[in-house]
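# Geometric and topological summary
Residues per chain, in single letters:
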2 protein chains.
Amino acid sequence: MALIVQKYGGTSVGTIDRIRNVARRLMETVAEGNQVVAVVSAMSGVTDGLIKLAKDVTAQPSERELDVLMATGEQQSIALLSMAIHDMGGKAVSITGAQAGICTFGSHTRGRIKSIKPDLMHQYLADGNILICAGFQGTTEEGLIHTLGRGGSDLSAIALAAALKADICQIFTDVDGVYTCDPRVVKNAVKIDELSYDEMLEMASSGSKVMQSRSVEFAKKYGVVFEVRNSMNTHPGTIVKEEIPAMEAVVVRGVSIERNQARVTIAGISEPVAYTAKILGALAEAEINIDMIVANTAHDGVARQSFTMHMNDLGSAQAALKPLIAEFGSSAKLETEAGLAKLSVVGIGMRSHSGVAATVFQTLADAGIAVGMISTSEIRITVTVDEIDIERAAQVVHDAFNLHRVNG
Amino acid sequence: MALIVQKYGGTSVGTIDRIRNVARRLMETVAEGNQVVAVVSAMSGVTDGLIKLAKDVTAQPSERELDVLMATGEQQSIALLSMAIHDMGGKAVSITGAQAGICTFGSHTRGRIKSIKPDLMHQYLADGNILICAGFQGTTEEGLIHTLGRGGSDLSAIALAAALKADICQIFTDVDGVYTCDPRVVKNAVKIDELSYDEMLEMASSGSKVMQSRSVEFAKKYGVVFEVRNSMNTHPGTIVKEEIPAMEAVVVRGVSIERNQARVTIAGISEPVAYTAKILGALAEAEINIDMIVANTAHDGVARQSFTMHMNDLGSAQAALKPLIAEFGSSAKLETEAGLAKLSVVGIGMRSHSGVAATVFQTLADAGIAVGMISTSEIRITVTVDEIDIERAAQVVHDAFNLHRVNG
């Protein structure tokens, strides 16, 4: 008998009919001889409605109270889903994050999971229940309610799977799995059957929106095998797990893209070492997430440093950096460029296959697409291109590596 | 510095504007130099909406899951009320029933309070917070969520006042207090300034809808002084407290009425002692609450037993008793009468003043109103009259005891 954790997002439980659909799936999973724990989000729209209520009360709701308010959304879903299972003759109990022993720390509205005490869950499972647990929430040691921020329910599911030593954690969503590229962009993109945590991490952080990095990191840390699959059909999804040697046979696993990027360059810096810390400090203080960092020093020791960020942060970045430019001397100047996009090629096969970068650049050059910044990790190559070229760039790179054939 | 517990019902927090109104009141109470704990219900309509959702999922929602679902209503109110206080520059924290240490036992959807661990509440109060606590809920020792059933938020407030040794518990509602009679029935009814727990209990159980008996019993048991007052104005309300000798000076405190009553009579019973238990057992098994019980035995040992109940229970009562009648012998027969109402006269002064019953009967007789059943306690006389006569009966009895003058 396998123990399976299944996570259903807000869309999957967005209406009473969809709640019934999820109940049916859980019953089927039990009928196949498994123990099941479901982790559910608030019904879609509920959380937004609650935030709207809060905003009607005050322009700046306290994060402590927002957590108390928002945690009710999942609490409603779990009760309704349990009832739906009872209505079908199944056995189920709901538990809140607190009851599941999900102990958190950190800040309100973006709590982090510290530990899980699974005693009560084991007891309910031993009694033959389908366990319906509220995602996205936990409590501190002092009993304060925390929500876990964006992607919090995925994190709850992965963490519960780790604590319960589940055989697999299935993340149900509205797509069939992780694709070789966004199918809205690359028509012949195909679903990937299996990939490693590291590949999933690189894809998540380079634009693939399927899951947040921190859930994947958590799964990697505790060795939780998970599967991304569609709640509206029964197709097998994408399995994400520890790397195995056979995975290296595929040189490139997928291509991810991210639009709405902007670049800030500080040129003509004479003492780059001293100044880099100041630049990064000023951007961090302005709460701007920077992504790619490229630094270059010419023979005369004068340096250029470039950063990419979301286009919406460009104005704040300029404001934050302007005062520094004056300090950096008369030759220093700030250059900005919006309208960019990032294209990343990811695959652990890159470690053992040379020539991937050459293929990427040759392919883009052949298509007449200019490359701006370049950054790489051991299993990823990222380039910036003009946003207007991104779809074509994704397609030609996808084709160059035959991604519609080698995966799946 | 006094410690005041204030309870606000669903209507008082039914809109964002009303939540602001409550926040303002709490701030004012603090500005007057008090520590304040607010106990709040779900926004009016929210609980009904949640129950509707549950009914959409299943015809027979599990009570365990209904509790999980319904408890979210109060959790939303406390967060929003805290935010409203913050918005006005005040200091407040919300706590759920579980966080308030309200430990419950008994059945789901009608849990009972076992104990309260006020440590966290004392800590928040010591830090200068207005404490906003979810009414109507608690958790069992095992951590299961309980709601407390009808009037549950009043009970939460009284119980918190007891646990915190508050100076007073103010129950805010949509009326100015407890009246000598329902002002919609008796135009010159007046608000009672002060009455004893026992009088309040007799009035609650004989038709006055202001508070449930169990909250009053709890207050009596722990000596919690409480005040029923209006959340929409600042008039002083009705204080309910331990009896003091001066209270006996008022012979009759108030008149309460209850409509929609029915009577069932079993006549011609030859062995009443043996049969009474059977009759009461059959009614209890059918979950029928009976109220007045009047038994009479004639010289020949043949007895009549009558019971009053809500009119809606009459059909079930007939069904439950019919099989018994056959057992009781050929002379036994079942008589029923609907269209009745009860009128009760309540006052601890009755103990020391004779002639109250005589005045009641003479007054009703003078008005040509026939009395059916009669039952009494030490501080109450209850009679049944035809429902069509109840308003007139209430008025003449109210006048006979000068209730618009002697109270207040």
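Given the structure is predicted, the values throughout are model-derived calculations rather than measurements.

This brings us to the overall build of chain A. Scanning chain A from terminus to terminus reveals twelve helices and 18 strands. In summary, chain A has a C-alpha radius of gyration of 24 Å against a globular reference of 22 Å for 408 residues, a match within 12%. Overall, the C-alpha framework of chain A stretches about 75 × 55 × 30 Å when taken along its three principal axes. Scored against the burial criterion, the 408 residues of chain A give a buried share of 55%. For chain A, contacts bridging at least 24 residues in sequence account for 76% of all contacts bridging at least 6. A total accessible area of about 16,800 Å² is found for chain A, and carbon and sulfur atoms account for 51% of it. Of the side chains in chain A, 36 bear a positive and 46 a negative charge, and the two mean positions are spaced by 2 Å.

Attention shifts here to the pairing of strand 18 (residues 380-386) of chain B. Residues and elements named next belong to chain B. Counting buried positions over the seven residues of strand 18 gives six, a clear majority of the element. Pairing between strand 16 (residues 333-346) and strand 18: seven bridges, direction antiparallel. Each bridged residue has a counterpart across the sheet, and for L340 the counterpart in strand 18 is D386. The pairing of strand 17 (residues 374-377) with strand 18 spans four bridges and is classified as antiparallel. Bridge pairing in strand 18 places I374 opposite V383. From the end of strand 17 to the start of strand 18, which pair antiparallel, there are two residues.

Attention now moves to the sheet that holds strand 9 (residues 168-173) of chain A. Residue and element names in this part refer to chain A. In space, the eight strands of this open sheet follow the order 3-6-2-1-9-11-12-10, with mixed pairing throughout. Pairing within the sheet leaves two strands with one partner each, and these edge strands are strand 3 (92-95) and strand 10 (194-196). Strand-to-strand twist in this sheet, taken as the mean axis angle between neighbours without regard to direction, amounts to 20°. Summarising the sheet, strand 3 and strand 6 (residues 130-134) pair through four bridges and their orientation is parallel. Across the sheet, V93 pairs through a bridge with L131, a residue of strand 6.

Further remarks concern the interface of chain B and chain A. Each side of the interface is counted separately: chain B has 38 residues, and chain A has 38 residues. When residues of chain B are sorted by the area they lose upon contact with chain A, V57, E65 and M83 of chain B head the list and together hold 22% of the total. The tally of links from chain B across to chain A stands at zero salt bridges. Linking chain B with chain A are 18 residue pairs in polar contact (both at pLDDT 80 or more). Sorting the residues of the side of chain B that touches chain A by element identifies helix 1 (16-31), helix 2 (46-57), helix 3 (63-87) and strand 3 (92-95) of chain B as the ones contributing at least two each. Grouping the amino acids of the side of chain B that touches chain A by side-chain chemistry returns 22 nonpolar, eleven polar and five charged.

The next subject is the side chain of S12 of chain B. Considering the arrangement of structural elements, one finds S12 of chain B in the loop between strand 1 (3-8) and helix 1. Residue contacts for S12 of chain B: discarding those within four places in its chain leaves R18, I19, V22, F172, S231 and M232 of chain B.

When chain B is fitted to chain A, the residual RMSD is 0.1 Å, and the transformation amounts to a turn of 180° plus an axial shift of 0.0 Å. Read as a symmetry element, the transformation amounts to a two-fold axis. When C-alpha positions in chain B are compared against the rotation axis, the closest is assigned to T72 of chain B, at 2.6 Å. The fraction of interface residues of chain B whose copies in chain A are also interface residues reaches 100%, indicating that both copies meet through the same surface.

The subject of this paragraph is the domain arrangement of chain A. Interfaces are often described in size by the accessible area the parts lose on coming together. Each assigned domain of chain A is listed with its residue range as follows: domain 1 (3-174) and domain 2 (255-406). A straight line from the C-alpha centre of domain 1 of chain A to that of domain 2 of chain A covers 38 Å.

So, on to the sheet that holds strand 1 of chain B. Residue and element names in this part refer to chain B. Taken in spatial order, the eight strands of this open sheet run 3-6-2-1-9-11-12-10, and their pairing is mixed. Looking at strand neighbours, the two that pair on one side only are strand 3 and strand 10 (194-196), the edges of this open sheet. On average, adjacent strands in this sheet sit at an angle of 20° to one another, irrespective of strand direction. Here strand 1 pairs with strand 9 (residues 168-173) via five bridges, running parallel. Among the inter-strand pairings, I4 is bridged to a residue of strand 9, identified as I168.

Let us now look at the UniProt feature "binding site: substrate" (unreviewed entry) in chain A. Residues and elements named next belong to chain A. The UniProt record annotates "binding site: substrate" (unreviewed entry) at T47 and E74. In terms of the greatest pairwise C-alpha distance, the residues named above, spread along 28 residues, form a tight cluster of at most 8.8 Å across. Inspection of the secondary structure puts T47 in helix 2 (residues 46-57). Once you skip the residues sitting within four places of it in the chain, T47 turns out to touch A42, M70 and E74.

A few words on the pattern of salt bridges. A side chain of one charge can pair with a side chain of the opposite charge when the charged atoms of the two come close. All names here are of chain A. In the structure shown here, the tally under the stated rule is 45 salt bridges over all chains. Between E141 and K114 there is a salt bridge; the shortest N-O distance is 3.0 Å. Of this pair, E141 sits in the loop between strand 7 (137-139) and strand 8 (145-147) while K114 is found in strand 5 (residues 110-116), placing the two residues 27 residues apart along the sequence. Accessibility expressed as a relative area gives 48% for K114, which makes it partly exposed. Here D198 makes a salt bridge to K220, at a shortest N to O gap of 2.8 Å. Here the residue D198 occupies a position in helix 6 (residues 197-205), and K220 occupies one in helix 7 (residues 213-222), the gap between them amounting to 22 residues. Accessibility expressed as a relative area gives 36% for K220, which makes it partly exposed. Among the charged side chains, a salt-bridge network with shared partners connects E243, E248, R351 and E378.

Tallying each qualifying case throughout the model produces zero disulfides over all chains. A disulfide-free cysteine, C169 of chain A has its sulfur positioned 12 Å from the sulfur of C133 of chain A, the nearest such atom.

All names here are of chain A. Mapped onto this numbering, the UniProt entry annotates "binding site: ATP" (unreviewed entry) at K7, Y8, G9, G10, T173, D174, Y179, R184, K209 and V210. Spatial dispersion of the annotated residues is evident: they stretch over 204 residues in sequence, and the largest pairwise C-alpha distance comes to 24.7 Å. Position of Y8 among the secondary structure elements: in strand 1 (residues 3-8). Other than its neighbours up to four places away in sequence, Y8 contacts V13, V22, R25, L26, V39, V40, S41, F172 and S231. A polar side-chain atom of Y8 sits 2.7 Å from a polar atom in the side chain of Q6.

With that out of the way, let us pick up the pairing of strand 16 of chain B. With eleven bridges connecting them, strand 13 (residues 254-269) of chain B and strand 16 of chain B associate as antiparallel partners. Bridging across to strand 16 of chain B, T265 of chain B finds its partner in E335 of chain B.

All names here are of chain A. Secondary-structure assignment places H398 in helix 11 (residues 390-400). We classify H398 as buried; its relative accessible area is 0%. Excluding residues within four positions of it along the chain, H398 makes contact with T180, C181, V186, N188, A189, V255, L403 and H404.

Criteria and cut-off values
Here, residues in each chain are numbered from 1, in the same order as that chain's written sequence. Chains carry letters and ligands carry numbers; both start at the beginning, A for chains and 1 for ligands, and go up in the order they are written. With pLDDT at 70 or above as the cut-off, local features in this predicted model cover only qualifying residues; side-chain atom pairs require 80 or more to be listed or tallied, and sums for whole chains, interfaces and linings still use all residues. The side-chain values count all of the structure's non-hydrogen atoms but skip hydrogen atoms and water molecules. Helix and strand definitions here come from DSSP, where helices need a minimum of 4 consecutive H or I residues and strands a minimum of 2 consecutive E residues; each element is numbered from the N-terminal end. Put simply, the radius of gyration uses C-alpha atoms, and a globule should come to 2.2 Å times the residue count raised to 0.38. Any residue under 20% of the maximum accessible area for its type is buried, any over 50% is exposed, and the rest in between are partly exposed; the area is computed with a 1.4 Å probe on protein chains only. Contact definition: two residues touch when any of their heavy atoms are within 4.5 Å. For the accessible areas, the method is Shrake-Rupley and the probe is 1.4 Å, while residue cover comes only from the protein chains on display. In this charge count, Lys and Arg are treated as positive and Asp and Glu as negative; neither His nor the chain ends contribute. Taken as the charge location is NZ of Lys, CZ of Arg, CG of Asp or CD of Glu. At least two DSSP bridges between two strands are needed for those strands to be called paired. Note on method: axes are straight lines fitted to C-alpha atoms, helices fitted across the in-contact stretch only, with angles between N-to-C directions ranging 0 to 180 degrees. By buried area we mean how much accessible surface two parts lose on assembly, using a 1.4 Å probe and totalling the loss over both. Salt bridges, as used here, are contacts in which a Lys or Arg side-chain nitrogen is within 4 Å of a carboxyl oxygen on Asp or Glu. Think of a polar contact as two N or O atoms within 3.5 Å of one another; within protein, one of them needs to be a possible hydrogen donor and the other a possible acceptor, and neighboring residues in sequence only count if both atoms come from side chains. Gly is placed with the polar residues, together with every amino acid not listed as nonpolar (Ala, Val, Leu, Ile, Met, Phe, Trp, Tyr, Cys and Pro) or charged (Asp, Glu, Lys and Arg). Copies overlap after least-squares fitting; the atoms used are the C-alpha atoms of residues with pLDDT of at least 70 in both. An automatic or database domain assignment supplies the residue ranges for each domain. UniProt positions are given in the numbering used here, feature names are shortened, and annotations may be inferred rather than shown by experiment. Here, the term disulfide refers to a pair of cysteine sulfur atoms separated by no more than 2.5 Å.

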